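Summary of structural features
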Amino acid sequence: MNHIVKIGFVAALFLPLSDAVRADDFRLSNNQRISCSRGLSAGKLNTATCKSYAYVFNTKTSEYFRCQVTLALTRDNKEVINVQTDGGCTKKPRVFDTDSDYSFDATETEPPNTNSFFGPGGYSIWVSDNAKQKVRGCITISSGLGSDISKCLDMTFQ
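In this report, the structure presented in the accompanying data block is examined. No experiment lies behind these values; they were computed from the predicted model shown.

Some remarks on the overall build of the chain
Looking only at helices and strands, the chain features 2 helices and 9 strands. Starting at the N terminus, the α and β elements of the chain follow one another as α-α-β-β-β-β-β-β-β-β-β. Considering the chain as a whole, with its 158 residues, one finds that 26% of them fall into the buried category. Accessible area of the chain: about 11,200 Å², with a carbon and sulfur share of 59%.

Structure representation (structure tokens):
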């Protein structure tokens, strides 16, 4: 019996640590987009460039990454001449200052288009706290002067 009490005591010591050392959880956004453009080059070469993006969100800290992949294909009338790919993820700042359990969604304009006044367009990200009635909406656009402008607003509930 004394053995069972000791095992129960040791288990009780480590039980509260499970929440304290909870690992970060990363989620991929649900609304990836792809946009493609085509161009004609001298000598009857055709080039198509496609870009796609996604967001990876840390549901504990509210930090996120904007990821983009690009594929450029050049061909003539008979064969593919060149294929190039590029991409990566850029870390963005936290949406909320404190750790919690967050949900998110993100969307982006398709650059360039009529919604894009200052360059390649922008994106918005929405984050909600799963433990409280707390929602923040953020919009980031290119200023056209080298730096992006990003503003967040806490939602009020009426």
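A few points about the sheet that holds strand β8 (residues 134-142)
Pairing is antiparallel in the open sheet, where 4 strands are placed in the order β6-β7-β8-β9. Each having just a single partner strand, β6 (102-108) and β9 (148-154) make up the two edges of the open sheet. Across the sheet, the mean angle separating the axes of adjacent strands is 15° when strand polarity is ignored. Sheet topology places β6 next to strand β7 (residues 122-129); 7 bridges connect them, and they run antiparallel.

Here's the deal with the side chain of lysine 92
By the element assignment, lysine 92 lies in strand β5 (residues 80-92). Judged by relative accessible area, which is 19%, lysine 92 ranks as buried. When sequence neighbours within four positions are dropped, the list of residues in contact with lysine 92 reads Glu63, Tyr64, Arg66 and Tyr123.

Some thoughts on the environment of proline 93
If you trace the backbone, proline 93 turns up in the loop between β5 and β6. For proline 93, a relative accessible area of 59% corresponds to the exposed category. Once the C-alpha coordinates of proline 93 and threonine 61 are considered, the two residues, 32 residues apart in sequence, prove to be 9.9 Å apart.

A closer look at the packing of aromatic side chains
Scanning the model with the defined rule gives 5 aromatic pairs in all. Ring geometry for tyrosine 55 and tyrosine 64: centres 6.3 Å apart, planes at 50°, overall tilted. By relative accessible area, tyrosine 55 is classed as buried at 0%. Linked through ring pairs, Tyr53, Tyr55, Tyr64 and Tyr123 together constitute an aromatic cluster.

Section: the state of the cysteines
Scanning the entire structure with this criterion turns up 2 disulfides. A disulfide bridge connects cysteine 67 with cysteine 89, and the sulfur atoms are separated by 2.0 Å. Disulfide cysteine 67-cysteine 89: torsion about the S-S bond near 110°, hence right-handed. Taken together, the residues span a long stretch of sequence, with cysteine 67 in strand β4 (residues 64-75) and cysteine 89 in strand β5 at a distance of 22 residues. Covalently, cysteine 138 is tied to cysteine 152 through a disulfide, its sulfur atoms 2.0 Å apart. Taking the sign of the S-S torsion, 110° for the link of cysteine 138 and cysteine 152, the bridge is right-handed. Here cysteine 152 lies in strand β9 and cysteine 138 lies in strand β8, a separation of 14 residues in the sequence. Since its relative accessible area comes to 4%, cysteine 138 is described here as buried. With relative accessibility at 44%, the residue cysteine 152 sits in the partly exposed group.

Reading guide: rules and limits
- Residues numbered from 1 in each chain as written.
- Predicted model: local features only at pLDDT ≥ 70, side-chain atom pairs only at ≥ 80, totals over all residues.
- Heavy atoms only, no water.
- Helix = DSSP H or I, 4+ residues; strand = E, 2+ residues; numbered from the N terminus.
- Buried < 20%, exposed > 50% of the residue type's maximum accessible area, 1.4 Å probe, protein only.
- Areas by Shrake-Rupley, 256 points an atom, 1.4 Å probe, with all protein chains shown as cover.
- Pairing = 2+ DSSP bridges.
- Axes fitted to C-alpha atoms, helices over the stretch in contact; angles between N-to-C directions.
- Contact = heavy atoms within 4.5 Å.
- Phe/Tyr/Trp six-rings, centres within 6.5 Å; stacked < 30°, edge-to-face > 60°.
- Disulfide = S-S within 2.5 Å.

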